[in-house]
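Residue-level listing of the chains:
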Amino acid sequence: MTPPTQKIRLILDLRRAGITDTGLLSALENVPRGLFVPDAFQDQTWEDTALPIGHGQTISQPTIVARMVQALNPDKNLKVLEVGSGSGYQTAILSYLFRRVYAIEREGNLMQLAEDRIAGLRRHNVTGRTGDGSLGWPEQAPFERILVSAASEEIPPLLWDQLAVGGVMVCPLGEDRGEQRIMRFVKTDNVPDVEDLGPVRFVPLVSGRAQRRIAV
Ligand code: SAH
């Protein structure tokens with residue numbers, strides 16, 4: 001199958017799996033996933049799988065990106081905080097669906113690559129930061145939407161504090177290498193609304209800044 005055919009097949013599969021947001025479907029069609037995939041895996045760009053991107057991290061599976069982004073109820077009037085931007089693929093998708101995207105990644109090299117790729121796509125509404133995303137981005141809070149792309153055992157409390165009342169947080173919860181579920185929370189004045197969006201396997205949300213590694 002040629003790459004355009006593979007892409008069309010993937011988009012059809014996503015529709016069949018319940019992805020109906022038209023803005024999201026066209027963003028998935030417009031963002032060249034190959035730009036975010038290492039050379040060695042270019043032939044798998046449009047397969048519905050996670051792929052290695054170095055630093056022990058992966059670019060997420062398209063179905064998971066689509067399901068998590070759709071669960072945010074994208075809205076062009078709102079700003080979104082993304083924690084764990086990795087390759088920047090999902091960040092690029094978000095940039096088509098929100099007014100502004102604040103993206104945090106703890107691996108400085110990944111953040112730099114992601115920012116270069118996104119600039120190459122001429123998306124000018126993304127601001128990136130290297131650091132510990134579990135601390136959020138207090139200067140820009142509150143956020144109407146928060147998307148966490150790494151798993152933790154509990155809702156990261158500082159992120160919850162930075163979510164606006166009425167806002168939506170999508171976050172994988174569960175143990176590292178154990179059972180994890182994508183959870184969707186709506187913040188209310190009292191008990192949050194909670195929805196379970198199904199099983200997933202993510203790398204853990206690691207607190208603290210990534211250490212500089214010395215190659216030997
Ligand atoms: N959705 C991304 C992949 C996310 S993988 C994509 O499609 O490319 C999870 C990412 O979270 C990894 O890049 C990892 O380095 C990052 N991460 C883990 N803990 C973090 C933290 N505390 N703050 C910011 N980023 C973190």
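Residues numbered from 1 in each chain as written. Predicted model: local features only at pLDDT ≥ 70, side-chain atom pairs only at ≥ 80, totals over all residues. Heavy atoms only, no water.

1. Remarks on the packing of aromatic side chains
How two aromatic rings sit relative to each other is given by the distance of their centres and the angle of their planes. Spelled out, the test is: Between rings of Phe, Tyr and Trp, where Trp is taken as its six-membered ring, a pair exists when centres lie within 6.5 Å; planes separated by under 30 degrees are stacked, by over 60 edge-to-face, and by other angles tilted. Numbered from the N terminus, helices here are DSSP runs of H or I no shorter than four residues, and strands are runs of E no shorter than two. Classification of residues uses two cut-offs on accessible area relative to the type maximum, computed with a 1.4 Å probe and protein chains only: under 20% is buried, over 50% is exposed, and between them is partly exposed. Criterion for a charge above a ring: Lys NZ or Arg CZ within 6 Å of the ring centre, and within 35 degrees of the ring normal.
With the rule as written, the count across this model stands at four aromatic pairs. With a centroid separation of 5.8 Å and 65° between ring planes, the pair formed by Y102 and F143 is classed as edge-to-face. Of this pair, Y102 sits in strand β4 (residues 100-105) while F143 is found in strand β6 (residues 143-148), placing the two residues 41 residues apart along the sequence. Considering the side-chain rings of W160 and F185, the 6.1 Å spacing of their centres and the 85° angle between planes classify their relative orientation as edge-to-face. Taken together, the residues span a long stretch of sequence, with W160 in helix α6 (residues 157-161) and F185 in strand β8 (residues 180-186) at a distance of 25 residues. Each member of the pair, W160 together with F185, is buried. Chaining the aromatic ring pairs together yields one cluster made of Y102, W137 and F143. A cation over an aromatic ring shows up here: K79 above the ring of F143, its NZ or CZ 5.3 Å from the ring centre.

2. Describing the site of the ligand
Test applied: To be near a molecule or strand, a residue needs just one of its heavy atoms within 4 Å of it. Any N or O atom pair separated by 3.5 Å or less is treated as a polar contact, with the protein-specific requirement of one donor-capable and one acceptor-capable atom, and with residues adjacent in sequence counted only for side-chain atom pairs. All accessibility values rest on the Shrake-Rupley procedure with a 1.4 Å probe; residue burial counts only the protein chains present in the view. When residues are sorted by character, Ala, Val, Leu, Ile, Met, Phe, Trp, Tyr, Cys and Pro go into the nonpolar class, Asp, Glu, Lys and Arg into the charged class, and all the rest, Gly among them, into the polar class.
For the ligand, the set of nearby residues contains 23 residues, the closest of which are S87, E105, D132, G133 and V206. Contact distances for the ligand include 2.9 Å between a nitrogen atom and a side-chain N or O atom of D132. Residue V206 places a main-chain N or O atom 2.6 Å away from a nitrogen atom belonging to the ligand. In the complex, the protein chains occlude 99% of the 580 Å² of accessible area that the ligand would expose alone. If one sorts the elements of the shell around the ligand by residue count, strand β2 (residues 57-59) sits on top with three residues. Residues that form the shell around the ligand fall into these classes: eight nonpolar, 11 polar and four charged.

3. A short note on unusual backbone geometry
The peptide bond linking A141 to P142 adopts the cis configuration, its omega dihedral lying at 0°. Turning to its location among the elements, P142 is positioned in the loop between β5 (126-130) and β6. Positive phi outside glycine occurs at N73, with the angle close to 55°. Structurally, N73 can be placed in the loop between α3 (62-71) and β3 (79-83).

4. So, the side chain of E105
Heads up, the condition is: We treat Lys and Arg as the positive residues and Asp and Glu as the negative residues; His and chain ends play no part in the count. Salt-bridge detection follows one rule: a side-chain nitrogen of Lys or Arg within 4 Å of a carboxyl oxygen of Asp or Glu. Any two residues whose heavy atoms approach within 4.5 Å are treated as being in contact.
If you trace the backbone, E105 turns up in strand β4. Although E105 lies buried, it forms no salt bridge, and the closest oppositely charged side chain, R106, sits 6.5 Å away as judged by the N-O distance. Beyond its immediate sequence surroundings of up to four residues, E105 is in contact with G84, S85, G86, L110, M111, R129, T130 and G131.

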